[in-house]
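# Inside the fold
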Amino acid sequence: MTTRKTNGALLASPLLLLLLLAFVAPVLLMVPLSLHPYEPGAGISSGWTLANYTSIVTDEYYREVVVRTLVLGFGVTLICLLMGYPLACYIANAGPKMRLALTMLVIFPMLLNLVVRSFGWIALLANRGLVNNLLIDMGLIERPIKMMFNLFGLLVGMSHIFLPFMVLMLVPAIQAVSKDVQAAAYTLAASRLRVFWSVTLPMSAPGILSGSILVFVLTISALVTPRMLGGPTYKVMATLIYDDFLQTLDWPAGAAMSFTLILLTLVVIGLSSRMLRRWGGHA
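In this report, we go over the structure that sits alongside the text.

Rules of the game
Residues numbered from 1 in each chain as written. Predicted model: local features only at pLDDT ≥ 70, side-chain atom pairs only at ≥ 80, totals over all residues. Heavy atoms only, no water. Helix = DSSP H or I, 4+ residues; strand = E, 2+ residues; numbered from the N terminus. Contact = heavy atoms within 4.5 Å. Areas by Shrake-Rupley, 256 points an atom, 1.4 Å probe, with all protein chains shown as cover. Lys, Arg positive; Asp, Glu negative; His and termini not counted. Charge placed at Lys NZ, Arg CZ, Asp CG, Glu CD. Patch = residues over 30% accessible without salt bridge, like charges linked within 9 Å, V, L, I, M, F, W, Y side chains within 5 Å. Salt bridge = Lys/Arg side-chain N within 4 Å of Asp/Glu carboxyl O. Core = buried A, V, L, I, M, F, W, Y, C linked by side-chain atoms within 4.5 Å. Buried < 20%, exposed > 50% of the residue type's maximum accessible area, 1.4 Å probe, protein only. Expected span 1.5 Å × (residues − 1). Bend = angle between axes of the 7 residues up to and from the residue. Polar contact = N/O pair within 3.5 Å; in protein donor to acceptor, adjacent residues only side chain to side chain. Phe/Tyr/Trp six-rings, centres within 6.5 Å; stacked < 30°, edge-to-face > 60°. Lys NZ or Arg CZ within 6 Å of the ring centre and 35° of its normal.

### Some thoughts on the overall build of the protein
From N to C terminus, the protein includes 13 helices and two strands. Pairs at least 24 residues apart make up 66% of the contacts formed inside the protein by residues separated by at least 6 positions. As displayed, the protein offers around 16700 Å² of accessible surface, 72% of which is attributable to carbon and sulfur atoms. The positive charge centre, built from 18 side chains, and the negative charge centre, built from 10, are 20 Å apart in the protein.

As structure tokens, then:
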């Protein structure tokens, strides 16, 4: 047993070393940076302060950005789950040829550049985009509806971008649900809805958990699509961090916001993992 553990540690050590040098070390280097004050016109001073962190809690603007980011993350995750689960069920229960074709259709949008897909949504959702022009031509509205630079535009665009990730995580989880257990439920006169709610859904909880965490983390850390569909004024935490580092050069504030984003991600992942493990354990 000891030899197996030693061999496993040796095999994992190159990957752990790479993670340590490429991810952990840069993050740790930002810790002292986030504790220095920033003076406009003078730059980063040598003193120490917690103001960069306390301002995230006390400043109304920062609180709004944090709440907006969380709402966006949960919203996109919920939309992808509600849209992706029926599609994943259909793919999982389809024949081999149909399953392959549907899986390729799900993967195909991921082959397109993220900027191209975001520009596609700009062409659709702009004030003079295809959707507004169609509604005006049909006489349903008199003036364009604002579909960009707000939460609606980000929810639509990012749900489209991250939906394939959810589906690809759900399909193997649904395929792993025992057909014998489902058949046993049917023999006990359970309806299809009852079998789905009591058997299929709880037993696919690992896929729901994995897909939800993946989509949530990708959403709250996304930069390109929020920048394009949200514009310069509708900011989320990722775009605010980008502006702090590369535009205003307030690196301490950007570092503090980065750690806040990491902390929020870990808290949400921990809570959702605990909740869904308990839910799946009752299956």
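### Structural notes on a nonpolar patch on the surface
On the surface, a cluster of nonpolar side chains totalling about 1000 Å² of accessible area is made up of Leu15, Leu16, Leu17, Leu18, Leu19, Leu20, Leu21, Phe23, Val24, Leu28 and Val31. Inspection of the secondary structure assignment puts Leu17 in helix H1 (residues 2-34).

### Some points on the nonpolar core
One finds Val76 and Phe162 to be the most contacted residues of the largest nonpolar core, which totals 32 residues. For this core, the secondary structure elements donating two or more residues are helix H3 (60-93), helix H4 (96-107), helix H5 (114-125), helix H7 (151-175) and helix H10 (205-220). Residue contributions to this core peak at 11 residues, all from H7.

### Regarding unusual backbone geometry
With a phi close to 60°, Phe149 is a non-glycine residue in the positive phi region. Inspection of the secondary structure assignment puts Phe149 in the loop between helix H6 (130-137) and H7. On the basis of relative accessible area, Phe149 is assigned to the partly exposed category, the value being 37%.

### Description of the side chain of Ser159
Mapping Ser159 onto the fold places it in helix H7. Those residues in contact with Ser159, other than ones at most four positions away along the chain, are Val76, Ile79, Cys80 and Leu154.

### A word on H7
If you check H7, its first and last C-alpha atoms are 34 Å apart, about what 25 residues at 1.5 Å a residue would give, namely 36 Å. By the largest-angle criterion, Phe162 marks the main kink of H7, which is about 40°, and a proline, Pro164, follows within four residues. Put simply, Asn150 is the residue that caps the front of H7, since its side-chain oxygen is 3.4 Å from the backbone nitrogen of Phe152.

### As for the environment of Leu188
Relative to the helices and strands, Leu188 resides in the loop between helix H8 (179-187) and helix H9 (192-203). Along the chain, Leu188 and Val267 lie 79 residues apart, while their C-alpha atoms are 41 Å from each other.

### Observations regarding the pattern of salt bridges
Throughout the structure, instances matching the rule amount to three salt bridges. Note that Asp243 and Arg227 form a salt bridge whose closest N and O atoms lie 2.9 Å from each other. With a gap of 16 residues between them, Asp243 in helix H12 (residues 237-246) and Arg227 in helix H11 (residues 224-230) connect regions that are remote in the sequence. On the basis of relative accessibility, which here comes to 5%, the residue Asp243 falls in the buried class.

### Describing the packing of aromatic side chains
Scanning the entire structure with this criterion turns up five aromatic pairs. A centroid spacing of 6.1 Å and a plane angle of 55° characterise the contact between Phe162 and Phe165, whose relative ring orientation is tilted. One end of the pair, Phe162, and the other, Phe165, are both in helix H7, three residues apart, so they sit about a helical turn from each other. Since its relative accessible area comes to 10%, Phe162 is described here as buried. Given the relative accessible area of 26%, Phe165 is considered partly exposed. When the ring centre of Tyr234 is taken as reference, the NZ or CZ atom of Arg68 above it lies at 4.1 Å.

### A look at the side chain of Asn52
By secondary structure assignment, the location of Asn52 is in helix H2 (residues 51-58). Within polar-contact distance, the side chain of Asn52 engages the backbone oxygen of Ser34 at 2.8 Å. Setting aside residues no more than four positions away along its own chain, Asn52 makes contact with Ser34, Leu35, His36, Pro252, Ala253 and Ala256.

### A closer look at the environment of Phe259
Position of Phe259 relative to the elements: it lies in helix H13 (residues 251-281). On the basis of relative accessible area, Phe259 is assigned to the buried category, the value being 17%. For the pair Phe259 and Ser34, spaced 225 residues apart in sequence, the C-alpha separation works out to 8.7 Å. Not counting the four nearest positions on each side in its chain, Phe259 is found in contact with Val27, Met30, Val31, Ser34 and Tyr53.

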